[in-house]
Amino acid sequence: MKYNVLSKPDFKKALLKKEIKTVCLNIKVPKHLKDFCKDKKYFIKTHGCQANYRDSEIYKGYFELLGLKETDILEKADFILINSCAVRQKAEEKVLSELGEIKQLKTKDKNKILILAGCMAQEEKNIRTIINSFNFVDLVLGTHDLNNLVRNLDLIITKNQQIIDVSSSSGCIYEKLPSKRDSKFKAFVNITYGCDKFCSYCIVPFLRGRQRSRSIESILKECKELEKSGYKEITLLGQNVTSYGKDLKDGKSFANLLDKVASLNIPRINFLTSHPFDFDYKIIDVIKKHKNIMRYMHLPIQSGCDSILKLMNRKYTFDEYASIIEETRKKIPDIRFSTDIIVGFPNETKKQNEESLKNIKKINFDGAFTFIYSPREGTTAAKIKDNVPRKEKTERFKKLTNILRESFSKSNQKYIGKTLSVLVDSISKTDKNFLSGYSHENLLINFKGNKDLIGSIVKVKVISEHIYFLKGEIVI
Ligand code: 5AD
Ligand code: SF4
């Protein structure tokens with residue numbers, strides 16, 4: 001069968017800046033669709049970052065409106081949605097192999113409806129791959145097209161069509177999107193969509209479009225609703241939260257927004273991800289002022305070498321980065337910093353790598369996510385001919401990991417014997433006898449306790465550190 005192509009991705013269009021309209025949705029589901037979905041189930045697999053996890057909660061909201069019930073068993077699902085990530089090649093390969101496995105399920109039961117959504121859908125090359133090799137996918141849905149889900153499912157179910165619906169530029173911010181949140185006590189709240197930074201290695205602006213900030217009123221309204229429902233932790237979410245408001249005409253900044261959200265009666269406020277270039281020192285004072293803002297910041301450095309930072313188009317030097325950390329630690333000594341680091345940027349010399357490692361060591365990071373550079377078609381960096389062999393990159397990666405492990409261990413040791421305030425998350429994934437939660441400094445901590453404590457904030461005394469987590473005892 002041939003795909004009905006309603007819209008297709010185009011990187012040029014994705015980069016166009018548009019006037020932003022806020023659209024308040026009033027979604028209606030036709031009765032015949034509800035009848036069709038009665039007693040049927042959906043399954044969602046999410047890859048990638050928090051933006052995708054939040055989108056999946058919205059897909060779940062749509063599915064629930066249709067009358068479907070969630071299942072965590074793939075084989076039992078009538079509707080399967082894969083929310084994909086494209087930030088590195090490996091993430092894409094994982095999704096394609098997953099689709100290959102799902103093919104067998106579809107061969108056994110042709111009535112199953114398979115949807116590929118998320119960032120991979122935004123790449124033209126992937127659309128070709130789906131048409132040529134994975135044409136059992138019923139719907140390819142772009143990141144700007146969440147709101148077309150019901151219309152597209154209607155075409156699949158009533159007209160027996162296969163659909164590609166991936167528009168590239170978005171001029172809309174949708175409010176009142178349906179949503180089924182994964183947690184009853186921790187919530188993500190989008191504050192910006194897209195990104196205007198164009199780091200030379202990064203494909204995100206092509207997939208998620210230019211930055212669009214939600215109005216402060218809409219964000220506060222959502223936060224107040226969460227407060228009323230008893231949520232204990234809110235994470236303000238954006239590719240670059242520190243540039244919140246730069247595209248608005250009301251002069252509001254991230255520091256203003258954070259101050260307002262933290263003034264609500266919510267025990268914990270967190271934000272993700274910050275960018276050093278847009279970092280406004282007023283943010284430090286806002287964090288200091290509000291005890292409910294978590295003592296934690298994720299501030300990607302990407303490299304510790306100035307010439308590589310320039311090639312990455314990060315728009316700051318190592319010294320500027322280090323100043324933010326120094327100033328914040330001076331004013332808020334209990335704050336923890338985590339970061340993102342890319343190893344093996346094209347043509348990085350041994351000397352540049354050494355400079356980067358030396359500087360990264362100086363920061364004494366409390367946590368980090370490390371990646372080997374992955375060329376992404378369409379980005380500026382992908383056009384550079386790379387002369388660094390893979391083996392050399394792996395060596396550099398190992399050196400970095402050793403530096404970071406030492407730094408994390410040193411950072412964690414400071415907490416031994418201290419009592420931390422922990423929001424209990426779940427039963428520990430590694431040991432069923434333990435509970436697992438995050439402290440106000442975003443430290444992962446495992447401790448023995450009754451599972452009824454999940455969702456509450458408890459005091460835990462730290463007894464040992466294990467590089468990536470702590471162990472503790474609950475204090476009664
Ligand atoms: N290769 C490797 N890592 C990347 N990241 C973004 N693009 C790439 C790429 N092409 C990393 C950055 C970013 C994190 C979310 O993913 O470190 O901060
Ligand atoms: Fe990508 Fe840079 Fe935007 Fe982060 S700030 S999403 S790394 S372009």
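Parameters and conventions
- Residues numbered from 1 in each chain as written.
- Chains lettered and ligands numbered in written order.
- Predicted model: local features only at pLDDT ≥ 70, side-chain atom pairs only at ≥ 80, totals over all residues.
- Heavy atoms only, no water.
- Helix = DSSP H or I, 4+ residues; strand = E, 2+ residues; numbered from the N terminus.
- Contact = heavy atoms within 4.5 Å.
- 1 Å grid on protein atoms, 1.4 Å probe; cavity = no way out; pocket = protein on both sides within 12 Å on 5 of 7 lines; lining within 4 Å.
- Points joined across faces, edges and corners; volume = space filled by probe spheres on them.
- Nonpolar A, V, L, I, M, F, W, Y, C, P; charged D, E, K, R; others polar.
- Near = heavy atom within 4 Å.
- Buried < 20%, exposed > 50% of the residue type's maximum accessible area, 1.4 Å probe, protein only.
- Phe/Tyr/Trp six-rings, centres within 6.5 Å; stacked < 30°, edge-to-face > 60°.
- Lys NZ or Arg CZ within 6 Å of the ring centre and 35° of its normal.
- Pairing = 2+ DSSP bridges.
- Axes fitted to C-alpha atoms, helices over the stretch in contact; angles between N-to-C directions.
- Salt bridge = Lys/Arg side-chain N within 4 Å of Asp/Glu carboxyl O.
- Expected span 1.5 Å × (residues − 1).
- Arc of directions from axis to C-beta.

A closer look at the side chain of N270
Part 1 of the reasoning: Position of N270 relative to the elements: it lies in strand β14 (residues 268-272).
Part 2 of the reasoning: Residues in contact with N270, not counting those within four places in the same chain, are E233, I234, T235, L236, M294 and Y296.

Remarks on empty space enclosed by the protein
Part 1 of the reasoning: The full count for this structure, using the stated rule, is 1 cavity of 30 Å³ or more.
Part 2 of the reasoning: The wall of the largest cavity is formed by Q302, S303, I341, I342, V343, E348, N353, S356, L357, I360, R396 and L400.
Part 3 of the reasoning: Elements represented by at least two residues in the lining of the largest cavity include exactly β16 (336-343), α13 (350-363) and α14 (390-413).
Part 4 of the reasoning: Per-element tally for the lining of the largest cavity: the top contributor is α13, with 4 residues.
Part 5 of the reasoning: The residue inventory of the lining of the largest cavity, partitioned by class, reads 6 nonpolar, 4 polar and 2 charged.

What about the site of ligand 2?
Part 1 of the reasoning: All residues in the neighbourhood of ligand 2 are listed as C195, K197, F198, C199, Y201, C202, V204, P205, Q239, H275 and R314.
Part 2 of the reasoning: Residues belonging to the shell around ligand 2 are distributed by class as follows: 7 nonpolar, 2 polar and 2 charged.

Comments concerning unusual backbone geometry
Part 1 of the reasoning: Residue L272 is joined to T273 through a cis peptide bond whose omega torsion reads 0°.
Part 2 of the reasoning: Inspection of the secondary structure assignment puts T273 in the loop between β14 and α10 (282-289).
Part 3 of the reasoning: Residue N364 is not a glycine yet carries a positive backbone phi of 55°.
Part 4 of the reasoning: With respect to the helices, strands and loops of the structure, N364 is situated in the loop between α13 and β17 (367-372).
Part 5 of the reasoning: The phi torsion at I467 lies on the positive side, around 60°, for a residue other than glycine.
Part 6 of the reasoning: Structurally, the position occupied by I467 is in the loop between β21 (457-465) and β22 (470-474).
Part 7 of the reasoning: Here I467 falls in the partly exposed class, since its relative accessible area comes to 21%.

A look at the packing of aromatic side chains
Part 1 of the reasoning: For the coordinates displayed, the defined rule picks out 11 aromatic pairs.
Part 2 of the reasoning: For the ring pair F279 and Y281, a centre distance of 5.9 Å and an interplane angle of 85° mean the geometry is edge-to-face.
Part 3 of the reasoning: On the accessibility criterion, Y281 (37% relative accessible area) is partly exposed.
Part 4 of the reasoning: Ring pairs connect the aromatic residues F11, F198 and F206, which therefore count as one cluster.
Part 5 of the reasoning: One Lys or Arg, K40, reaches over the ring of F36 and ends 4.3 Å from the middle of that ring.
Part 6 of the reasoning: The ring of F434 is capped by K471, whose NZ or CZ atom sits 5.3 Å from the centre of that ring.

Comments concerning the sheet that holds strand β19 (residues 435-439)
Part 1 of the reasoning: Pairing within the closed barrel is mixed, and its 5 strands lie in the order β18-β19-β20-β22-β21. Each adjacent strand pair in this sheet contributes to an overall mean axis angle of 50°, direction not counted.

Let's talk about the pattern of salt bridges
Part 1 of the reasoning: For the coordinates displayed, the defined rule picks out 36 salt bridges.
Part 2 of the reasoning: Among the ionic pairs, R181 bridges to E57, the shortest N-O distance being 3.8 Å. Linking R181 in the loop between β9 (172-175) and β10 (186-190) with E57 in helix α3 (residues 50-66), this pair joins segments that are 124 residues apart in sequence.
Part 3 of the reasoning: K398 serves as the salt-bridge partner of E395, at 3.7 Å between the closest nitrogen and oxygen. Residue E395 and its partner K398 are located together in helix α14, separated by 3 residues, close to a single helical turn.
Part 4 of the reasoning: Overall, the relative accessible area of 39% leaves E395 in the partly exposed class.
Part 5 of the reasoning: A relative accessible area of 47% means that K398 is categorised as partly exposed.
Part 6 of the reasoning: Shared partners join several salt bridges into a network, and the residues in it are R54, E57, E175, R181, R214 and E222.

Structural notes on helix α12 (residues 318-331)
Within an α-helix, residues lying three or four positions from one another point in the same direction, as the helix has 3.6 residues per turn.
Part 1 of the reasoning: Given a rise of 1.5 Å per residue, 14 residues ought to cover 20 Å, and the 20 Å separating the end C-alpha atoms of α12 matches this to within 8%.
Part 2 of the reasoning: Those residues of α12 not exposed but buried are F318, Y321, A322, I324, I325 and T328. All buried residues of α12 project into a common sector of 150° when viewed along the axis, lining one side. Looking at α12, the residues exposed on the side facing more than 90 degrees away from the buried face are D319, E326 and K330.
Part 3 of the reasoning: As for α12, its buried residues are in contact with α10, β15 (296-298), α11 (306-311), β16 and α13.

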